[in-house]
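Secondary and tertiary structure notes
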Amino acid sequence: MLALKPGHLTLDDLRAAHAGPVTVTLAADARAAIAAAAAVVARAIAEGRTVYGVNTGFGLLARTRIDDARLAELQRALVLSHSAGTGPLLPAPVVRLMLLLKIASLARGHSGVRPEVVDALAALLAHDVLPAIPAQGSVGASGDLAPLAHLSAVLIGEGDAVVDGALLPAPAALARAGIAPLALGPKEGLALLNGTQASTALALAGLFAQQNVFAAALVAGALTVDACQGSDTPFDARIHALRGHPGQADTAAVYRALLAQSPIRASHVDCSRVQDPYSLRCQPQVMGACLDRMRGVATVLVTEANGVTDNPLVFAESGDVLSGGNFHAEPVAFAADDLALAIAETGALAERRIALLMDAQLSGLPPFLVEDGGVNSGFMIAQVTAAALASENKALATPRSVDSLPTSANQEDHVSMATNAALRLAPMAGNAAAIVAVELLAAAQGIDLRRPLTTSPRLAAAHAMIRDRVAFWDRDRAFAPDLAALRASVEAGAWRAPVADLLTF
């Protein structure tokens, strides 16, 4: 149960909707604010005022005045004509987020819709009736029009929805949940379609996925330090205090805690090696920069989640209806591009540590982490897979927010491409999860090959988590099942537990 206080959604609230169905309730004062804005729209019509999207056409057709008798037809036609998406359907967690985000935006009371519209959206979310929304077709201004049209179409009994994993026509999906189709009033179709809820939901899903990958990468990186008999000196708090970046200091503290009391480390305190390669030594600097980016992205996305991003906006206190551009998703596009960099670098650094583990001269371990090399190839091709994925992510990390193509006969002459920016985050996070999974496997193998020496207590527990899923590599076997098992654990967030008491995202 989420008692929604408009403007006060938290990241935990959003994560809950991403995880499963949520029942949203609105306070009485929120319902009153919604109704007051709807009354402003009704008054404007009664007074014969011309208001964009209420009694005009849309985009370049805004100069066309629509007769009052056709206002309901106007809103329905808008939803249907804008349901022009294509491509694979958005996954259920993203659609749940879209529903909650649209509820939160309309609940601020500046969109001019009736409370019944918000109630209908809340019913879809509570009953897990998820509109079938094609992933492609939005340029991120004027809002995520096509995705939100497909979402809104289900409310009026059009399109399709997914219920219990089955794709059903909207009328059947609504009937199964006991929800009546909605007849849209003036401005309601436009309020539903304008907004950044698709791009924001996709970016939030990417953030949640990256948080899981990031936690696993911290554990994997610490395991690799011990497997390679690396030094913990680069994680000394004094080094990071001098630079001042909070993410750097925070991640260094995680590495210190993970490596504390390691017998492997104690065994080579006085060794002749002066410095480790950057992929070990500079982990706080790289991962800390990623963490700072992730925290900044979270701030932007929570702000956007609580914002009102449709157009025009209604101010009940004054009776004004103002046209602006809050639907332009440039902040979300920038956030998605920032997050893409963090995902790419998390995977890139992990891949370099995997390569280090393969190199007997640098790691001090058997080549490719296998005994009886020659007959056995060990982790050789697993590192190749990691390299391929890291390279793919480098290409995907190219900024999308610098791109723009005019639409709507040049009325919408600069767009954000936020949805494209956010769409590539899930595949990028999947690639990074696979890279980190390879490192977890390789680092655990390296720890085993250091026996009878053992790693730290915290890392021994992490090592046990790996061995609960995948056995020691004593001779060559198919690698893909091992990789799939560890990747699934990374994507499920299993590796947040070992750092849960050490790090706040």
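Right above here is the structure, for reference.
Report on the accompanying structure. (Residues numbered from 1 in each chain as written. Predicted model: local features only at pLDDT ≥ 70, side-chain atom pairs only at ≥ 80, totals over all residues. Heavy atoms only, no water.)

**Focus on the sheet that holds strand β7 (residues 166-169)**
This is how the line gets drawn: Being paired, for any two strands, means DSSP has found at least two bridges between them. Each helix is a run of DSSP H or I of at least 4 residues and each strand a run of E of at least 2, with the numbering of both proceeding from the N terminus.
Spatial strand order, β4-β6-β7: three strands in an open sheet with antiparallel pairing. Of all the strands in the sheet, the pair left with one neighbour each is β4 (130-131) and β7. Pairing geometry for strand β6 (residues 160-163) and β7, over four bridges, is antiparallel. In the strand pairing of β7, D160 is matched with P169.

**As for the packing of helix α9 (residues 197-227) against helix α15 (residues 330-358)**
Spelled out, the test is: Angular values range over 0 to 180 degrees, each being the angle between N-to-C directions of two axes fitted as lines to C-alpha atoms, with helices fitted over their stretch in contact. Should an angle fall under 35 degrees it is called roughly parallel, over 145 degrees roughly antiparallel, and 65 to 115 degrees roughly perpendicular, with every other angle called oblique. Whether a crossing is left-handed or right-handed is set by the direction in which the near helix is turned from the far one by less than a right angle, anticlockwise for left-handed and clockwise for right-handed. Any two residues whose heavy atoms approach within 4.5 Å are treated as being in contact. Three classes are used: nonpolar for Ala, Val, Leu, Ile, Met, Phe, Trp, Tyr, Cys and Pro, charged for Asp, Glu, Lys and Arg, and polar for all others, with Gly counted as polar.
Between α9 and α15, the shortest axis-to-axis distance is 10 Å and the interhelical angle comes to 20°. As far as their axial angle goes, α15 and α9 are roughly parallel. Our pair here, α9 against α15, has a crossing hand that is left-handed. Taking contact as the criterion, the partners of S199, T200, A203, G206, L207, Q210, V213, F214, A217, G221, T224 and A227 in α9 are, on α15, V332, L339, A342, I343, T346, R353 and L357. Partitioned by chemical class, the residues of the contact of α9 with α15 number 11 nonpolar, seven polar and one charged.

**Some words on the packing of aromatic side chains**
Cut-off, in case you're wondering: Each Phe, Tyr or Trp ring, with Trp reduced to its six-membered ring, pairs with another whose centre is within 6.5 Å; inter-plane angles below 30 degrees give stacked pairs, above 60 give edge-to-face pairs, and intermediate values give tilted ones. Only protein chains enter the calculation, and the probe is 1.4 Å; a residue is then buried if its accessible area is under 20% of its type maximum, exposed if over 50%, and partly exposed in between.
Under the counting rule described, the total for this entry stands at five aromatic pairs. Between the aromatic rings of F235 and Y255, the centroid separation amounts to 5.0 Å while the plane-to-plane angle is 25°, which identifies the pairing as stacked. Of this pair, F235 sits in the loop between α9 and α10 (237-243) while Y255 sits in helix α11 (residues 246-259), and the two are 20 residues apart along the sequence. The same class applies to F235 as to Y255, namely buried. Aromatic side chains F379 and W473 sit 5.5 Å apart centroid to centroid with 55° between the ring planes, which places their arrangement in the tilted category. Placement of the pair is F379 in the loop between α16 (360-363) and α17 (380-396) and W473 in the loop between α20 (457-469) and α21 (480-491), with a sequence separation of 94 residues. Residue classification places F379 among the buried residues on the basis of a relative accessible area of 3%.

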